[in-house]
Each structure stands twice: as C-alpha cells, then as structure tokens.
Amino acid sequence: MTVDKDLVHFCVDYALKNGASYSEARLVSTTEEGYILKNGVPESSVFAEGKGIGVRVIVDGGLGFLAINKFNKEEIKARVKEIIKIAKVSSKLLKQPIKLSEEKAYKDKWEVKAKIKSEDISPEEKMQYLFDLEKSLSSIKNKLPSRFFQLATSNTEKYYANSDGAELHGKIPQVFIYYSVIAMENGDAEQRYYPLGESGGWEILKRRNLFEKIKEETTVLLKILKEAKKLPKETFDVLLSPELVGIAMHESCGHPGEADRSLGREGAQAGETYLTKDWLGKRIGNDVVTVVDDPTVENSYGFYKYDDEGVEAQRRVLIKNGLINDFLHNRWTAEVFNKKSNGASRAGRFDREPIVRMSTTFMLPGDFSFDELLEDIKKGVFIKSYTEWNIDDKRWNAKYVGNEAYLIENGQLKHLIRRPVLEITTQSFYSSVDALGKKIEFISGTCGKNEPMDGVPVWMGGPYARLRDIPIGSA
Amino acid sequence: MEIGKYVVDKALKLGADDVVVTIKPAVTKQIRFANNEITLSTTWDTVDVGVFLAYKKRLISSNLNNPSLSETFSSMGGKTNLTKDSVDKFLERMTKIAKVLAPKEDYYGIANGPFKYKPIKDSYDKKIENLGEKTVDFVEDAINAAVDEGAKRCAGVLYSSFWEEHKFTSGDVEAKEKGSSINISLRAFAEKDASGHSVSVSRNMKGFDPEKAGREAGMLAKQSLNPVVGESGKYDLILGPMIAANLLYYMSYAFSAFEVDSGMSFLIDKIGKRVGSNKVTIVDDGRLENGFESSAFDEEGVPTQSKKIIENGILKTYLHNTSTAKKFKTKTTANAGIIYPQPKNLILERGDSKLEDMISQVKNGIYITNVWYTRFANYRTGDFSTIPRDAMFEIKNGKITKSIKGLRLSDNMQHVLESVSAISKDTRTIHWWEVEIPIVTGYVLCKDLNMTKSAK
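Conventions used here
Residues numbered from 1 in each chain as written. Chains lettered and ligands numbered in written order. Predicted model: local features only at pLDDT ≥ 70, side-chain atom pairs only at ≥ 80, totals over all residues. Helix = DSSP H or I, 4+ residues; strand = E, 2+ residues; numbered from the N terminus. Rg over C-alpha atoms; globule rule 2.2 N^0.38 Å. Buried ≥ 20, exposed ≤ 12 C-beta atoms within 10 Å, placed from the backbone. Contact = placed C-beta atoms within 7 Å. Domains from an automatic or database assignment. Nonpolar A, V, L, I, M, F, W, Y, C, P; charged D, E, K, R; others polar. Pairing = 2+ DSSP bridges. Axes fitted to C-alpha atoms, helices over the stretch in contact; angles between N-to-C directions. Parallel < 35°, antiparallel > 145°, perpendicular 65-115°, else oblique. Left-handed = near helix turned anticlockwise from the far one by under 90°. Core = buried A, V, L, I, M, F, W, Y, C linked by C-beta atoms within 7 Å. Expected span 1.5 Å × (residues − 1).

(A) Inspection of the overall build of chain A at higher detail. Per the secondary structure count, chain A includes 10 helices and 25 strands. For 475 residues, the compact-globule formula gives about 23 Å, and the C-alpha radius of gyration of chain A, at 24 Å, lands near that figure. Projected onto its principal axes, the C-alpha positions of chain A cover 70 × 55 × 35 Å. Within chain A, the fraction of its 475 residues that count as buried is 57%. Within chain A, counting contacts between residues at least 6 apart in sequence, those at least 24 apart form 76% of the total.

Following this line, the structure appears as structure tokens:
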C-alpha cells in the first residue's frame, strides 16, 4: 500500500494560497475482506479497496470540508476552491468565528504491527474459522433457528498534514468478528450477540477460544428459555459484569462527556448532553467511581497514536472519584473551553469530518474479588450479559435489559432470571455504585455519531460493579 | 461507461457465471448548523464502482474504487481512465479468490434481461446541480421560520445531491439513470427540554419547503415548554409522522427475505396471516413519484414496482431479489440488494382521520412527536424499546393537558401494528439521521401501548 504524500501537501498548500487561514488533508487507504456464514451457508464475501482524501479548511472563521476519491489535481483544485467559497459565505451566520486551539505540530510515523498478518491467511482459512464456530453449535443446532457469523479484516494507512506543520503517517490492521444466535423453545425465543474487534492481526483470534464461548453462551440461552424465572419489580442490590459496566460507561459517561454535544453541535443528530461546563468539579457519583477514555490501550479496537487533527493521543479522566473532571475535546471545543485539545478528534473514513469521539472508555478497578462483591449481597441480581439497551439523547435515562442474569440470595448465586430491566438515571447509577472488582475487561463496539453517520471502532469496559438498592424487575 | 461492459465480458471470460457492475458518480453537498450558526459546509465528489461476481455459487462483492487501479475518473457524465490492464489484473485476482471460496448452495442467480425501463416522474431536477450558495439561504429561511414560531436555537443539516447510475450485468442488463435530491432536517429548541423536529425531503426543488420544516419544528418546541416527567403505564398513543416513520423503518428488517432466511424476522411463517389491524396497509414502491429512493431498476437491474407487504393487516409478501425469490418459490419484488433485499420507499397507506380527531377521541393517552435509539431485546419476537425525544404531550379526555418527558416506549413491533386504530389522511416523507429509508406516513393512533420510565 502506498499513499501519495505529495498530493496531501498539495491540498494543504493550495487551500492556503486560495484564502484559507487553516488547512489540513488526510489521505486514507483501506483494504478490507469480509466473510459471512448464515445458518451454515456462506453469503457473499467482500473484497474492497478504497482510497480518498478529506480536506478541511477554515476561511473567515467558517469551516469547510471536501471528500474526494478522484486523484486528479485539476478536479481537486476546483473543489477546494468551491469549499473555500461556501465556507466564506457560511461564515456570515457565525457569531463567533471557528478557531482551533494551538497545538504542537508533530512529525511522526507510527504503526500497529500484526504478529500474523491477516492478508497472509487464505480466504479458505478465514471462512473455515466461521465454519468451526458453526460446528461448535452442532449438538444444539436444531434449537437455534438463527446462527449468524461475520468476520472482517482490514488494513488502513493514513497520511495527515496540516498548515501548522504536522505530518503524520500511521498504519493500523484490524480484525472484527461478530456472532448472533437466536435460541427457540416452544415458540419462545432469546438472542445473544457478541462483537469482538481489536487492532492487530490474525493472532487476535488465536488468543481466544470463541468456539467455547459461543457454545457456553448458547447453552445458557436454552437454559434461560427452560428455567429462568420472572423477577418481581422490587428493590435489589445489583451486581454488574464488566460487559454491563462497559456499555454503561460508553453511553452514560463517554457520550455525555463529548464537548461538541455540550456545545449543541450534534443537536439534530446524536443529540446533546446533560453535562455543561458548569458541571466540572461537581458530583455525579460515589467516590469509588473513576472513568477514563484512553486511545492508548494496547491493541484496543479504537487505538491511535495521533488523532485526526494531529494531536497526540492521551488518557482523559472524565469522572474522578465521583466528580465530573473533564470532557473529550477536539481543537475547536478546546478553544471554546479555553484549554488544549486532549486528542479526541476522529473520523472513521476519509469522507467523514473528524469530530469528538471516544476510543476506549472504562471504569477503573477497585479492590474486591468477585466472591467478595457477591458475599455482601443479601438480596440481589447478577447481570452477566445484556441484550437490548438505549439511552435518551441527553444521556440521562438509560435502559439495560439483562440476558444471562441470576438471583442472588445471602451471598449465593441462585437460579436464572428472565430479562431483568435496569431503567435508571445517570446520577442514580453512579451514586449507587459502592464497590468494584479488581480486574477489568473490555467489550468491542462500533460507536455511532456524526452526520452522515460515521461508525468508529471502540472498546468499553470496567470491573464488576456492585450497585445498592436498585428498583429492578423482569420486562 | 463502456468500461462497465468490458468488466462484465472479461469476468465471464475468466469463468464467472454472473456479473453485476454498478458505476455511480455522485456529488453531494451539505450545510450543517447548530445554535443558528453554520458549523460546516461539505462537498463530496466521489465515484463508486461496485462489482459483484458469482463463480459456481461462490460469491464476491468488490469494488474498483482504489485510484491506484482506477487512475482518474472524470466528473459527471464521464468516462473513466481505468486501463484494461488494471481491470484485467483486478478481475483475475477476484476470480482466483472466488474459486477457493465455499459455495452459497442456496444462491440461484441474477435476473435475465434485457428489460425496458420507464423513467420516474420528478426524480431528477437539474436546478439542484447549480444551487451554489443558495443552500445557505435555505438554511437561513428554515432557522428564521423556527425562530419566528418561538424557537431560540436550531440545529440540523441540509443536503443537496445529484448522481448518475450505470448498470451492466451478465443478464443482459444495460441501464442508466440520473437522480437528484434535496432535504433538510431541523431540530428547534425553545428552552431546556423543550424541542421539536421536522424535515422536508424531496427529489426536486418543487417539493422542497425548508421554511415549513422550520415552522413545524419551532411550533412543537414552543408547545412543549416546561415538560414534567410522565408516568409509566398503558396508554393510547398518537404517533406523529417522525415516530411512526422510525418504527416502520426499524421494523422493516423483518420484511427482507434475507432476515426471514436468517431466522431473525418476527414475520417468519406468517404470510397470509394477520400481523396488524385491518387499518394497516404497508406498501413498498420503488417507482413512487418524487420518492426519495425511487429508481427505475434495482441492484440487479430488474425494473422496480409497487407491492403491498401488508394489506389490511394481512402479511402478503417478503421483499425479494431474484435469488431469494427462487428459494422462496415466488417472483422477485425488485428489491435487490443482491445479497440483502430491502425497501425502496415504504408507505403506510393513508387513513381518513386527522390529528385533531385523534386527540379528541383519546381518554388517557400520549402524543409522541419523535423518538430515537430504537433497539430490540429480541429480533425474532420483535420486542423493542425506543425513547421519545422532542415534544411529547399527555392527553386526558380528548384534550392535551401538559408537556411531558422522561418516558420510554417498551413494547412489541407486531403488537404496535395490531394496535393501530386510525391513520391520518395527510402523509409526508420522513428521512433523516435516525430513519435511513424514506418512509411515507401520517399520524397514527395506537391503542394500549406500554410506556416505562427510570425507576430511580
């Protein structure tokens, strides 16, 4: 794979010469392979190559963006001129001109190295992995009307330059696998889906035994259908697994902490947030709660060394000991908040504007083992996995529906319970956490935001977390 | 575009059984705004070249988008500079891969043409190609209209787009058409938690009314001032067009033969059975005049058509391409997706009611204007929940009594269809960030649906 660095610099320079006060260009080249196995039958495989340039300019305080996959200088010139013109016109509606925070201009080359390059694994072997997943369910297949497996591998190379002098060349391979299973028993059904994405090569799949995992989880689905009892709507202590804590951190800490939402910029799309600048230093939860977002977690699905505005990746502490501590910033929101960017600007593709995004969002661990957390619960619910979830567009009212979940009595796990619904406000959630496990685990996801939609790979996670006195019951 | 034909012929020579090539140059422009200010203007100028190959039931979807292969494409109307040599190398690689893939045993090929295509009325407007800075004026008009109605700040997006699509297949298809579209989505905020959202969606300038969208959003924002947290329970719900469209969009996966085949649809084994009240007729029309996704042909080149998916509450058909139709022993509904059949323009057929009449007949109900974040606890059964955003009102004894917030609709998709007791006469097209397939719908009255809220 090669990227045409000269073309990137040409875009940056040409925009400056034609009236932009700031310009940047990002050339992204991606190769992808995708495989699907649906109920034992392969669907069409995907082999895609894409390459394009995203150019961003500031003109008279107005912001313009061009995405083009034609590498012809004359056409690029005409389009750059056009976005400069329209950015200038649109600046007339601005009360405050758009300005970016001043940042160090890095020149660097970085790469995530695959131990086993995915492109060295043959299409047959990749497809065989999915057939093996299917095979691991063969003994219970007749009770599983839906078995859907997907595998995708990719290599992305990016070259970024801006008019401040930054020049960054990055390469990142990724692997993504997804399964979804529906189990049925006497007309009743339960579903489980699980995505796993990492930055790296084929070794990611060698490290894990997904064959065991899918078999275990699917066997549990059938048990849920046969044995799970309804939970009365009462107050229980709730023990959440890292999977549940992870999704909650993403939805009720990461998203509300995006400074562009706080400034209303996503108002008509992904929405706004309950968090305003005044919240900084105010209490949202108990002392034990500290939540960070960190793009530097090794091999994480949302890993990067520099963001898409050339700012160095760094850990952001969003909630510190129960107090709102920071927002996720890009260079525009940082300037509005009168601080430096903390490197959260991301675009999932060449043709998307880089905006404030999460990477790996997780709650920091505490001191307890799982058994210690459990033994101090008299009447409780342990939720190990979830199915449906959602949250309002200010990130205040969230819902998580348990998939595998158990009743707890006097410190002991009892029988399975059916779809317990945790419907709770953000403040109640963080204020109810009283103890945390010592180990953290991550789950993978594709985070949705931006207009047009731009899914970006993320991780989310945390330790086991114990919440006291939560009203909860079966759906 | 002779390169499209070359790709088909060359792939056939290399042993492929079926080939579909789609070349789509497109220019899209966008104005984003928030807090009554323009936050970004964008131009996308791209060409996508999609190639689908089948070799002894082994299927590959690929593209020729990498400029290292395609050199340069000229703009609209254009020829490509794809060299024969680079295409040959690409196809040799793809057919080599195809030969080692596992077969999709239940693949039954693509459609055999040639076909005749009738152009679709009002689907291309040259004026959209030359709007220039006028798009900024449209945004200003919409914002001003919302502010006039009582909004303090507006956020949203305006898109204008024009494209060509050229299709060549080994089934003797050679098709092309031009299209254009313009649409605005505007959310108006009056105060904290008081907001309204509306859209205007059209294929031509004649059908585009940004001011109207602004006015409607502004009005809802003002009407919803000072909301209080509502109570959970069973209610009769009036669904405004934005929420009705959201639910129809999210349930539309279940219409696709792909999802039926996957075991994921809540409509499996229900053809000919009742799945909704007799008020419910859902049509998919690929040829709808001024339909946002109308096109003369589907992904494999079959001429598009209108079909009833649900008629008076009875499920009539799933959506098919040629291959799924053969598997299901029926005819294609011209909804390819070669892999995933999907709707073009989904229409909930109009009724004879109107919003005011619906409000007056509700004793204990809620009027919801918009939702987001619709998710399924179970695709197979259709259990889902979704969260109202923007204006929502409590209705008691035929009158709107207050603005409310903090509730969630937690129910089942088939139950929603079964609960429909009235549909308005006025309908409109909804298409925005949350509703990615154009949905034509009006107001819908549903009986006895379940609303929940945070317990703590």
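(B) Spotlight on the overall build of chain B. Of regular secondary structure, chain B possesses 10 helices and 22 strands. Relative to the globule expectation of 23 Å for 456 residues, the C-alpha radius of gyration of chain B, 24 Å, shows essentially globular dimensions. By its C-alpha atoms, chain B is 70 × 55 × 40 Å across when sized along the principal axes. Here chain B holds 456 residues, and the buried ones make up 62% of them.

(C) Seen up close, the environment of Leu-63 of chain A. Here Leu-63 of chain A is to be found in strand β4 (residues 62-68). C-beta crowding within 10 Å serves as the criterion here: with 25 such atoms nearby, Leu-63 of chain A is assigned to the buried category. For the pair Leu-63 of chain A and Ile-84 of chain A, spaced 21 residues apart in the sequence, the C-alpha separation amounts to 8.5 Å. Excluding residues that lie within four positions of it along the chain, Leu-63 of chain A makes contacts with Ile-58, Ala-87 and Ile-98 of chain A together with Thr-39 and Leu-40 of chain B.

(D) Local environment of the domain arrangement of chain B. Residues and elements named next belong to chain B. Domain annotation for chain B reports domain 1 (1-218) and domain 2 (228-452). Of note, the centres of domain 1 and domain 2, computed from C-alpha atoms alone, are 25 Å apart. Taken together, the contact pairs 39 residues of domain 1 with 31 residues of domain 2. At the level of elements, β4 (153-169), β5 (173-191) and β6 (194-202) are the ones that each hand at least two residues to the side of domain 1 that touches domain 2. The element contributing the most residues to the side of domain 1 that touches domain 2 is β5, with seven residues. When its residues are assigned to classes, the side of domain 1 that touches domain 2 shows 14 nonpolar, 16 polar and nine charged.

(E) Expanded view of the interface of chain A and chain B. Counting residues at the interface gives 73 residues for chain A, matched by 69 residues for chain B. No other element matches helix α2 (residues 73-90) of chain A, which puts eight residues into the side of chain A that touches chain B. Here the residues of the side of chain A that touches chain B sort into 31 nonpolar, 21 polar and 21 charged. Relative to strand β3 (residues 58-63) of chain B, strand β3 (residues 45-59) of chain A runs parallel, the two sharing three bridges. When the sheet's bridge partners are listed, Val-46 of chain A is paired in β3 of chain B with Ser-61 of chain B.

(F) Spotlight on the sheet that holds strand β9 (residues 282-285) of chain B. Residues and elements named next belong to chain B. Taken in spatial order, the six strands of this open sheet run β11-β10-β9-β12-β21-β20, and their pairing is mixed. Only two strands of the sheet have a single partner each, and these edge strands are β11 (314-315) and β20 (428-432). Sheet topology note: the strand β12 (residues 346-348)/strand β21 (residues 435-441) ladder contains two bridges and is parallel. Along β21, the bridge assignment pairs Leu-346 with Ile-439.

(G) Expanded view of the sheet that holds strand β15 (residues 360-363) of chain A. Residue and element names in this part refer to chain A. Strand order in the open sheet formed by six strands is β12-β11-β10-β15-β24-β23, and the pairing between neighbours is mixed. The sheet terminates laterally at β12 (323-324) and β23 (441-447), the two strands that pair on one side only. For β23 and strand β24 (residues 456-462), the ladder comprises seven bridges, and the chain directions are antiparallel. Considered in β24, the bridge of Ser-444 is made with Trp-459.

(H) Just helix α6 (residues 241-251) of chain B, in detail. Among the 11 residues of α6 of chain B, 11 are classified as buried, and the element is accordingly described as predominantly covered. Buried within α6 of chain B are the following residues: Pro-241, Met-242, Ile-243, Ala-244, Ala-245, Asn-246, Leu-247, Leu-248, Tyr-249, Tyr-250 and Met-251 of chain B.

(I) Quick peek at the environment of Thr-441 of chain B. All names here are of chain B. With respect to the element layout, Thr-441 can be found in strand β21. Spatially, the C-alpha atoms of Thr-441 and Arg-428 are 5.6 Å apart, while their sequence positions differ by 13 residues. With residues near it in sequence (within four places) discarded, Thr-441 still touches Pro-241, Ala-244, Ala-245, Leu-248, Leu-348, Thr-427 and Ile-430.

(J) Molecular detail of the packing of helix α1 (residues 5-17) of chain A against α2 of chain A. All names here are of chain A. The contact between α1 and α2 brings their axes to 10 Å, and the two run at 40 degrees. Here α1 lies oblique to α2, going by the angle between them. Here α1 runs over α2; the crossing is right-handed. For the pair α1 and α2, contact is made by Phe-10, Cys-11, Tyr-14 and Ala-15 and by Lys-73, Ile-76, Lys-77, Val-80 and Ile-84, respectively.

(K) Focus on the domain arrangement of chain A. All names here are of chain A. Here chain A is described as being made up of domain 1 (5-227) and domain 2 (234-474). Its C-alpha centre places domain 1 at a distance of 22 Å from the equivalent point of domain 2. On the side of domain 2, 31 residues touch domain 1, which itself brings 36 residues to the contact. Secondary-structure elements contributing two or more residues to the side of domain 1 that touches domain 2 are β1 (22-38), β3, β4, β5 (107-111), β6 (146-162), β7 (167-185), β8 (188-199) and α5 (210-227). Looking at the side of domain 1 that touches domain 2, the element that brings in the most residues is β8, giving seven residues. Of the residues in the side of domain 1 that touches domain 2, the class split is 18 nonpolar, 10 polar and eight charged.

(L) Region of interest: the nonpolar core. Residues Cys-11, Val-238 and Val-381 of chain A together with Leu-53 of chain B are the most contacted members of the largest nonpolar core, which totals 284 residues. Sort the elements by how many residues they give to this core and strand β2 (residues 37-55) of chain B lands first, with 10 residues. Setting aside residues up to four positions removed in sequence, Val-238 of chain A forms contacts with Gly-380, Val-381, Ile-383, Leu-422, Leu-467, Ile-470 and Ile-472 of chain A.

(M) Quick peek at the pairing of strand β19 (residues 405-409) of chain A. Residue and element names in this part refer to chain A. The pairing of strand β16 (residues 379-383) with β19 spans five bridges and is classified as antiparallel. Within β19, the position partnered with Lys-379 by the bridge is Glu-409. The pairing of β19 with strand β20 (residues 412-416) spans three bridges and is classified as antiparallel. Bridging from a neighbouring strand, Tyr-406 pairs with Leu-416 of β20. Following β19, the chain reverses through two residues before pairing antiparallel with β20; Asn-410 in that reversal takes a positive phi of roughly 45 degrees.

(N) Representation of the environment of Arg-375 of chain B within the structure. Counting through the fold element by element, Arg-375 of chain B comes out in strand β14 (residues 371-378). The residues touching Arg-375 of chain B, leaving out its near neighbours within four places in the chain, are Glu-388, Trp-389 and Asn-390 of chain A together with Phe-384 and Ser-385 of chain B.

(O) How the structure looks around helix α4 (residues 134-148) of chain B. Residue and element names in this part refer to chain B. The end-to-end C-alpha distance of α4, which contains 15 residues, comes to 21 Å, matching closely the 21 Å that a straight helix rising 1.5 Å per residue would cover. Those residues of α4 that sit buried are Thr-135, Val-136, Phe-138, Val-139, Ala-142, Ile-143, Ala-145 and Ala-146. Where α4 ends, the next residue or the one after it, Gly-150, has phi of about 120 degrees, a positive value.

(P) Structural view of the packing of α4 of chain B against helix α5 (residues 210-223) of chain B. All names here are of chain B. One can describe the packing of α4 onto α5 by two numbers: an axis separation of 7 Å at closest approach and a directional angle of 30 degrees. Between α4 and α5, the angle falls in the class roughly parallel. Crossing of α4 against α5: the hand is right-handed. Every residue of α5 that contacts α4 at Phe-138, Asp-141, Ala-142, Ile-143, Ala-145, Ala-146, Val-147 and Asp-148 is listed here: Pro-210, Glu-211, Ala-213, Gly-214, Arg-215, Ala-217 and Gly-218. Broken down by class, the residue content of the contact of α4 with α5 amounts to nine nonpolar, two polar and four charged.

(Q) Spatial organisation of the pairing of strand β17 (residues 399-405) of chain B. Here two bridges tie strand β7 (residues 228-229) of chain B to β17 of chain B, and the two strands are oriented parallel to one another. Along β17 of chain B, the bridge assignment pairs Val-228 of chain B with Ile-404 of chain B.

(R) Highlighting unusual backbone geometry. Between Glu-451 of chain A and Pro-452 of chain A the backbone carries a cis peptide bond, its omega angle lying at 0 degrees. Residue Gly-337 of chain B follows Ala-336 of chain B across a cis peptide bond; omega there is 25 degrees. Position of Gly-337 of chain B relative to the elements: it lies in the loop between α8 (322-327) and β12. With phi around 65 degrees, Asn-36 of chain B is a residue other than glycine that occupies positive phi space. Residue Asn-36 of chain B is classed as buried on the basis of its 21 C-beta neighbours within 10 Å. Even without being a glycine, Lys-329 of chain B presents a positive backbone phi close to 55 degrees. Secondary-structure assignment places Lys-329 of chain B in the loop between α8 and β12.

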